Amino acid sequence: MNVFETDRLALSHLSADDATFIFELLNTPGWLQFIGDRGIKTLHDAAQYILNGPVKSYKSNGFGLLAVRLKDSLEAIGICGLIKRAGLDDIDIGFAFLPAYNGKGYAAEAAHATLDYGFENVGLNRIVAITNEDNINSIRLLKKIGMQYERKILLDGDSEELLLFGIARGSIQSENHLS
């Protein structure tokens with residue numbers, strides 16, 4: 001079941017049926033470099049990641065990371081969604097895409113629609129994002145969707161400072177990305 005759609009994409013809840021896709025995504029060079037190794041070495045690990053992360057978040061928070069699928073084929077190409085992350089006062093937007101789908105505008109389309117969804121449907125007043133300062137593509141995308149750099153932060157248990165971006169409700173013009 002789709003949570004929301006854009007012109008080209010359908011964003012839906014992840015389930016254990018998405019284990020093969022999650023296994024592939026979490027083992028891409030970009031994920032490993034900029035997000036980190038989550039120890040997903042088998043399809044069972046991937047299914048457990050989905051159940052203990054996104055599915056648990058849907059139940060406890062009413063939102064979480066969503067599968068980003070092409071509307072015409074329903075092929076999963078990435079994830080994008082809202083995350084309640086320890087160490088952050090505000091809800092965080094997160095995203096990652098398979099390398100074959102980078103540079104086609106899908107991430108910006110999904111992220112912009114996720115901001116709209118967070119403000120309009122979840123009722124958030126502010127959304128933040130964190131990224132590694134070497135992740136130039138993520139920084140570019142965060143700026144493209146209207147987020148502003150605020151400061152460097154260090155999350156509990158991390159040794160590397162991250163860049164914190166934020167955006168408040170009403171600070172961007174909605175282009176009505178949801179359908």
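The structure we're discussing is the one just above.
Below, the structure is looked at part by part. Here the structure is a predicted model, which means the values were calculated and not measured. (Residues numbered from 1 in each chain as written. Predicted model: local features only at pLDDT ≥ 70, side-chain atom pairs only at ≥ 80, totals over all residues. Heavy atoms only, no water.)

**So, helix α5 (residues 136-144)**
Each turn of an α-helix holds 3.6 residues, which means side chains three or four residues apart point in the same direction. Listed as buried for α5 are Ser 138, Ile 139, Leu 141 and Leu 142. Within α5, the buried residues cover an arc of 165° as seen down the axis, which keeps them to one side. Residues of α5 that are exposed and point more than 90 degrees away from the buried face comprise Asn 137, Arg 140, Lys 143 and Lys 144. Among the structural elements, β5 (91-97), α4 (106-122), β6 (126-131) and β8 (162-168) are those in contact with the buried residues of α5. (Buried < 20%, exposed > 50% of the residue type's maximum accessible area, 1.4 Å probe, protein only. Helix = DSSP H or I, 4+ residues; strand = E, 2+ residues; numbered from the N terminus. Arc of directions from axis to C-beta. Contact = heavy atoms within 4.5 Å.)

**Quick notes on the side chain of Ser 12**
Structurally, Ser 12 can be placed in strand β2 (residues 9-13). Residue Ser 12 is classed as buried on the basis of its relative accessible area, which comes to 5%. In terms of polar contacts, Ser 12 uses its side chain to reach the side chain of Arg 69, at 3.0 Å. If sequence neighbours within four positions are ignored, Ser 12 has contacts with Met 1, Asn 2, Val 3, Leu 66, Ala 67 and Arg 69. (Polar contact = N/O pair within 3.5 Å; in protein donor to acceptor, adjacent residues only side chain to side chain.)

**Some words on the packing of helix α1 (residues 19-26) against helix α3 (residues 43-61)**
At a minimum axis distance of 8 Å, the contact between α1 and α3 shows a crossing angle of 95°. Judged on the interaxial angle alone, α3 and α1 are roughly perpendicular. Residues Ala 19, Thr 20, Ile 22, Phe 23 and Leu 26 of α1 pack against Leu 43, Ala 46, Ala 47, Tyr 49 and Ile 50 of α3. Of the residues that constitute the contact of α1 with α3, the class distribution is nine nonpolar, one polar and no charged. (Axes fitted to C-alpha atoms, helices over the stretch in contact; angles between N-to-C directions. Parallel < 35°, antiparallel > 145°, perpendicular 65-115°, else oblique. Nonpolar A, V, L, I, M, F, W, Y, C, P; charged D, E, K, R; others polar.)

**Some thoughts on unusual backbone geometry**
Here Leu 74, not a glycine, exhibits a phi torsion of approximately 65°, which is positive. Here Leu 74 lies in the loop between β3 (65-70) and β4 (76-83).

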